[in-house]
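A look at the structure
Here's the letter readout for the chains.
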Number of protein chains: 2
Amino acid sequence: MAVQHDSTGAGQARTDRFLLSLGRLLDDAGLIVESDVLARYSCDWTGKDRCSPLAVARPKTVDELSRVLAYCHEHSWPVTVQGGLTGLCGGATPRSGEVALSLERLAAIEEFDANADCMTVQAGVTLARVQEIALQQGMSFPLDLASRGSCTIGGNIATNAGGNRVLRYGTARNLVLGLEAVLADGRVLTSLGTVIKDNAGFDLKHYFIGTEGTLGVVTRAALRLYPEPADRLTVLASTTSFSQLRGLLATLRRRLGNRLVAFEAMWDSYFECVLTTLGLTRPFANGYSHYALAEVELLEPEHDRRSVERVLSDCLEKGEIGDAVMSASCADATRLWQFRESAGEMLSRLAPAVGHDVSLPMAKMDVYVETVRARFERELPGGVCVAFGHLGDGNLHFLTALRTAEDAEALDSIVYGELPAGGSISAEHGIGVSKKNWLKVSRTQTEIDLMRGLKAHFDPRAILNRGRVV
Amino acid sequence: MAVQHDSTGAGQARTDRFLLSLGRLLDDAGLIVESDVLARYSCDWTGKDRCSPLAVARPKTVDELSRVLAYCHEHSWPVTVQGGLTGLCGGATPRSGEVALSLERLAAIEEFDANADCMTVQAGVTLARVQEIALQQGMSFPLDLASRGSCTIGGNIATNAGGNRVLRYGTARNLVLGLEAVLADGRVLTSLGTVIKDNAGFDLKHYFIGTEGTLGVVTRAALRLYPEPADRLTVLASTTSFSQLRGLLATLRRRLGNRLVAFEAMWDSYFECVLTTLGLTRPFANGYSHYALAEVELLEPEHDRRSVERVLSDCLEKGEIGDAVMSASCADATRLWQFRESAGEMLSRLAPAVGHDVSLPMAKMDVYVETVRARFERELPGGVCVAFGHLGDGNLHFLTALRTAEDAEALDSIVYGELPAGGSISAEHGIGVSKKNWLKVSRTQTEIDLMRGLKAHFDPRAILNRGRVV
């Protein structure tokens, strides 16, 4: 096994030799060892457990990346895989002595195939860039999350990212037609088919989607594109109870069908907090118990807009919602989305603060939120705990300002401990290191054993993201 | 290793002891050994390579099934897993000496959860029954294939079935929220969550979906339901070229968006053949080079129907289609679907006949079809080869009446040999045994090696569907 951070001269000499050989596998800009630059690769978006890697390997080609992994495998040297470092679970944060493998120089758009509604890209390209290129061609890559400007497609795939439009388009998994991944030993598995239906043997891409870089490194993907709708419409509505909020979602789904692409819920605690913290203007004269932000794709803009108006006025008439406002322009929509997308900024401003990301059956959500908040107020007084999430997907986020950072563990116990049967400790952020000890809440021992077995099968020397997930 | 069909007395005694013990794990109706009954479990829908199993184990509970597998694993006894026996690739056809494991008594609907848009069922229930139960509750389980009355959910999942509505709802994979599978050694892996988003560790269900029972036996599934649309509309349209047909698909997708749920293509050769063979009435006065059958979901029936009419009349006016007819009633729709759904019956009537199921980029489809048909006519004269398929998904079927059954292998060489890069030898039917030798056309050696490694990892004694897929 590799000697890491060995303080003896022999250990240091071994490390030096290792880095020297590693550097030879890459071009001039391929290996970073300068400590001030290394610091940029020392943690994910949370800033927690900061630790500079031993070095950063930045391959420019898949072939280089393959040789880097083969070499690390040969020497059993642990590697942490890094995309845009926007993760929230510590999965990409290096541990002492690890080499960081950054995909930042593998960021080309390789092919845009309008005939196949498909774009083939390298893993290091940002989500925003992919969205932009698609839009230039009148198409849409519908994966969308607040970190779009920094997160990379490789990271999105490795973590099976979700975001705002899962209701309609699914998670990252549903948007990948073909995939290329490099195995721990350097073997390159290229399967960049662009057809929707392909049952020729096991669909191997699913071993790399959502496994957080523990079974292989995603290097390329053929992404599925959709026609960009003629227009979009954003609705902010309020209700006086959670059950009304659920009723609104059911009504919108029934009457708008798949044109409803997002349905974001915000509890009043969240809504009041975002108004105060970000200094936003209150959209309605009154306060309500719940708010929903819905996005609707318009195919026949005038008609579809009237349909949405009709649904909302029916709901208002029947007293099924408190109030509602529709975006009249793109700027309007952006303004309405601010209530929801400011969550990240709010998290920074309320430090020490933590975010949680769970999913559970909608029928149990209301009671769960109340239980968590009540326990939080009783057991960890002096903080603020607010709830919001992608209601349409059963995905609930908590954002909690703690009195002291030391309370984080006790909060985890409340949030994960109270999760009802059928709930998941991670709806979309993944497990990384921070949720690893809680995995048993959502997974049986048989499942965890199977995951460990697969990890050992794919990466027998455990060089890839060692100690993450399982 | 197990001795199978050993003609010596010792081998027979060992087999008898094995069956006796196997029977003790099941209830009275649990083990079939009578040869006349065994014949019913001797082949899939093709009727090819008929072989009665040694016995049929029909567990009534997952616990019984688990004990059967543990026992077979202990004795390294090969097992073939059987659903509705509607497969077309020989995957469920027993080989000499194998025990057939039938899921037919595990056919309960266990839970219908309207709150979670979900139904939990046992694997042996038929697709038609699931569709029916969903519909009774105003919901839709959108997976749909011609064999709906016989095929089972377990088989649909194990083969990642596709069918008519993949364009809108995806394949079986996309409709499974949670899954239970029994591993080769009898361990039960239960993960029946109903939430859409769950990134708590590796998503293990994908290792059993589409792997044709080689890695584990699917026993239960939590299925995703959708609201049943207010109405449906079927369109039959004709064009004078393949490029017009593609243009029609693009136009419908752009103007109807996701309300378009199916787009089936039929080449004139297919269309004329179905008219003649089934004695159906010609829908248009003229003949055309291509036909499309489209299904549209209507949310606001009157308005949506007018939208479709407008799209079609625009296309007619611009000369983008030859002719078109819209269903005015459910009976009408059924009549139109007959042109497409009679493919199975046509296959029987034209015996010896074979079906092929490939997928490829749409841009290459026209040339590919012409090449295959030209080579067929030149090299295997005296037969009929017609093309149709789920065009929206890049899925193409050939139905070929052969002069003699011996020509089947030569036909495979043409169909798979001419497949362009990026094509798949199996869009939806799977690999089974009949496509195994062709897998290398669509998969690299690295991929096949990885599949074999996974098979050995999950099922080290190769008892599950031994020799299938890889």
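Residues numbered from 1 in each chain as written. Chains lettered and ligands numbered in written order. Predicted model: local features only at pLDDT ≥ 70, side-chain atom pairs only at ≥ 80, totals over all residues. Heavy atoms only, no water.

**Quick word on the interface of chain B and chain A**
- Between chain B and chain A, the residue contacts involve 85 residues of the former and 85 residues of the latter.
- The junction of chain B with chain A conceals about 6,600 Å² of combined surface from both sides, 55% of it contributed by carbon and sulfur atoms.
- For the pair chain B and chain A, the number of links is 14 salt bridges.
- Note that Arg 253 of chain B is salt-bridged to Asp 117 of chain A, the shortest N-O span being 2.2 Å.
- At the boundary of chain B with chain A, the tally comes to 46 residue pairs in polar contact (both at pLDDT 80 or more).
- Partitioned by chemical class, the residues of the side of chain B that touches chain A number 31 nonpolar, 33 polar and 21 charged. (Contact = heavy atoms within 4.5 Å. Buried area = accessible area lost by both parts, 1.4 Å probe. Salt bridge = Lys/Arg side-chain N within 4 Å of Asp/Glu carboxyl O. Polar contact = N/O pair within 3.5 Å; in protein donor to acceptor, adjacent residues only side chain to side chain. Nonpolar A, V, L, I, M, F, W, Y, C, P; charged D, E, K, R; others polar.)

**Some words on the packing of aromatic side chains**
- For the structure shown, the criterion picks out 28 aromatic pairs over all chains.
- Here the aromatic rings of Tyr 207 of chain A and Tyr 207 of chain B are separated by 4.1 Å at their centres, their planes lie at 10 degrees, and the arrangement is stacked. Within this pair, whereas Tyr 207 of chain A is found in the loop between β9 (188–191) and β10 (217–224), its partner Tyr 207 of chain B is found in the loop between β9 (188–191) and β10 (217–224), the two belonging to separate chains. A single burial state applies to Tyr 207 of chain A and to Tyr 207 of chain B, both of which are buried.
- Here a set of aromatic residues connected by ring pairs shows up, and it is made of Phe 271, Phe 284, Tyr 288, Tyr 291 and Phe 339 of chain A. (Phe/Tyr/Trp six-rings, centres within 6.5 Å; stacked < 30°, edge-to-face > 60°. Helix = DSSP H or I, 4+ residues; strand = E, 2+ residues; numbered from the N terminus. Buried < 20%, exposed > 50% of the residue type's maximum accessible area, 1.4 Å probe, protein only.)

**Notes on the pattern of salt bridges**
All names here are of chain A.
- Tallied over the entire structure, the rule returns 74 salt bridges over all chains.
- Between Asp 27 and Lys 60 there is a salt bridge, and its shortest N-O distance comes to 3.4 Å. Of this pair, Asp 27 sits in the loop between α1 (9–24) and β1 (31–32) while Lys 60 sits in the loop between β2 (55–57) and α3 (62–74), and the two are 33 residues apart along the sequence.
- The closest approach of N and O atoms between Arg 187 and Asp 185, which form a salt bridge, is 3.1 Å.
- Put simply, Arg 165, Glu 228, Arg 232, Glu 295 and Glu 297 are held in one network by salt bridges that share partners.

**Concerning the nonpolar core**
- Judged by nonpolar contacts, the single largest core of 239 residues is most densely connected at Tyr 207 and Phe 208 of chain A together with Phe 208 of chain B.
- Setting aside residues up to four positions removed in sequence, Tyr 207 of chain A forms contacts with Leu 215, Leu 454 and Phe 458 of chain A together with Tyr 207, Leu 215, Leu 454 and Phe 458 of chain B. (Core = buried A, V, L, I, M, F, W, Y, C linked by side-chain atoms within 4.5 Å.)

**What about the state of the cysteines?**
Residues and elements named next belong to chain A.
- This structure, assessed with the given rule, holds 0 disulfides over all chains.
- In this structure Cys 51 is not part of a disulfide, and its nearest cysteine sulfur, from Cys 43, lies 10 Å away.
- Unpaired in this structure, Cys 118 has its nearest cysteine sulfur neighbour in Cys 151, at a distance of 19 Å. (Disulfide = S-S within 2.5 Å.)

**As for the sheet that holds strand β13 (residues 260–267) of chain A**
Residues and elements named next belong to chain A.
- Strand order in this open sheet of 7 strands is β15-β12-β14-β13-β17-β18-β16, and the pairing throughout is antiparallel. Sheet topology places β15 (323–326) and β16 (353–359) at the edges, where each strand pairs with a single neighbour. Across this sheet, the average inter-strand angle for adjacent strands is 15 degrees, counted without regard to direction.
- The sheet contact formed by β13 and strand β17 (residues 384–390) spans 3 bridges and is antiparallel. The residue bridging Ala 265 from the neighbouring strand is Gly 389, located in β17.
- Across the sheet, helix α12 (residues 365–379) is in contact with β13, β16, β17 and β18 (395–401); its angle to β18 comes to roughly 15 degrees. (Pairing = 2+ DSSP bridges. Axes fitted to C-alpha atoms, helices over the stretch in contact; angles between N-to-C directions.)

**Observations regarding the sheet that holds strand β17 (residues 384–390) of chain B**
All names here are of chain B.
- Judged by pairing direction, the sheet is antiparallel, and its 7 strands sit side by side in the order β15-β12-β14-β13-β17-β18-β16 without closing on themselves. In this open sheet, the two strands that pair with only one neighbour each are β15 (323–326) and β16 (353–359). Strand-to-strand, the axes of this sheet are offset by a mean angle of 15 degrees, without reference to chain direction.
- Pairing between strand β13 (residues 260–267) and strand β14 (residues 290–298): 7 bridges, direction antiparallel. Paired with Glu 264 across the two strands is Leu 293, which belongs to β14.

**What about the relation of the copies chain B and chain A?**
- Least-squares fitting of chain B to chain A yields an RMSD of 0.0 Å, with the superposition described by an axial translation of 0.0 Å and a rotation of 180 degrees. The superposition operator between the copies reduces to a two-fold rotation axis.
- Comparing contact sets, 100% of the residues at the interface of chain B also lie at the interface in chain A, consistent with an isologous, same-surface contact. (Least-squares fit on C-alpha atoms with pLDDT ≥ 70 in both.)

**A closer look at helix α9 (residues 301–317) of chain B**
- Between its terminal C-alpha atoms α9 of chain B stretches 24 Å, which fits the 24 Å expected from 17 residues at 1.5 Å a residue.
- Within α9 of chain B the residues assigned to the buried category are His 303, Asp 304, Ser 307, Val 308, Val 311, Leu 312 and Cys 315 of chain B.
- Elements that come into contact with the buried residues of α9 of chain B comprise α9 (301–317) of chain A together with β12 (231–239), α7 (242–256), β14 and β15 of chain B.
- Residue Gly 319 of chain B follows α9 of chain B closely and has a positive phi angle near 70 degrees. (Expected span 1.5 Å × (residues − 1).)

**Brief notes about the confidence of the model for chain A**
- Looking at chain A as a whole, its pLDDT mean stands at 95, while 99% of the residues score no less than 70.
- Interface predicted TM-score (ipTM) for the complex: 0.94; the corresponding pTM is 0.96. (pLDDT = per-residue confidence, 0-100.)

**With respect to the pairing of strand β8 (residues 176–182) of chain A**
Residues and elements named next belong to chain A.
- Of all 7 residues making up β8, 7 are buried, and the element is well covered by its neighbours.
- Across 4 bridges, β8 lies against β9 in antiparallel orientation. What sits directly across from Val 182, in β9, is Val 188.
- Hairpin connection from β8 to β9: 5 residues lie between these consecutive antiparallel strands, with Gly 186 at a positive phi of about 100 degrees.

**A short note on the environment of Gly 186 of chain A**
- If you trace the backbone, Gly 186 of chain A turns up in the loop between β8 and β9.
- Contact partners of Gly 186 of chain A, with chain neighbours within four places excluded, come to Ser 66, Leu 69 and Ala 70 of chain A.

**What to know about unusual backbone geometry**
All names here are of chain A.
- The peptide bond linking Ala 351 to Pro 352 adopts the cis configuration, its omega dihedral lying at 0 degrees.
- Along the chain, Pro 352 falls in the loop between α11 (343–349) and β16.
- The phi dihedral of Asn 160 is positive, around 50 degrees, even though this residue is not glycine.
- Looking at the secondary structure, you find Asn 160 in the loop between α5 (153–158) and α6 (166–169).
- On the basis of relative accessible area, Asn 160 is assigned to the buried category, the value being 5%.

**Side note on the environment of Leu 402 of chain B**
Residue and element names in this part refer to chain B.
- Summarising the element assignment, Leu 402 is placed in the loop between β18 (395–401) and α13 (408–417).
- For Leu 402, a relative accessible area of 7% puts it in the buried group.
- Measuring from C-alpha to C-alpha, the distance between Leu 402 and Leu 248 comes to 33 Å, with 154 residues separating the pair along the chain.
- Every residue in contact with Leu 402, bar those within four places of it in the chain, is listed here: Pro 352, Ala 353, Val 354, Phe 376, Asp 407, Ala 408 and Leu 411.

**Considerations on the side chain of Asn 258 of chain A**
- Checked against the element boundaries, Asn 258 of chain A lands in the loop between α7 (242–256) and β13.
- Given the relative accessible area of 15%, Asn 258 of chain A is considered buried.
- A polar contact is formed between the side chain of Asn 258 of chain A and the side chain of Arg 168 of chain A, at a distance of 2.8 Å.
- Setting aside its immediate chain neighbours within four residues, Asn 258 of chain A contacts Arg 168 of chain A together with Arg 168 and Asn 258 of chain B.

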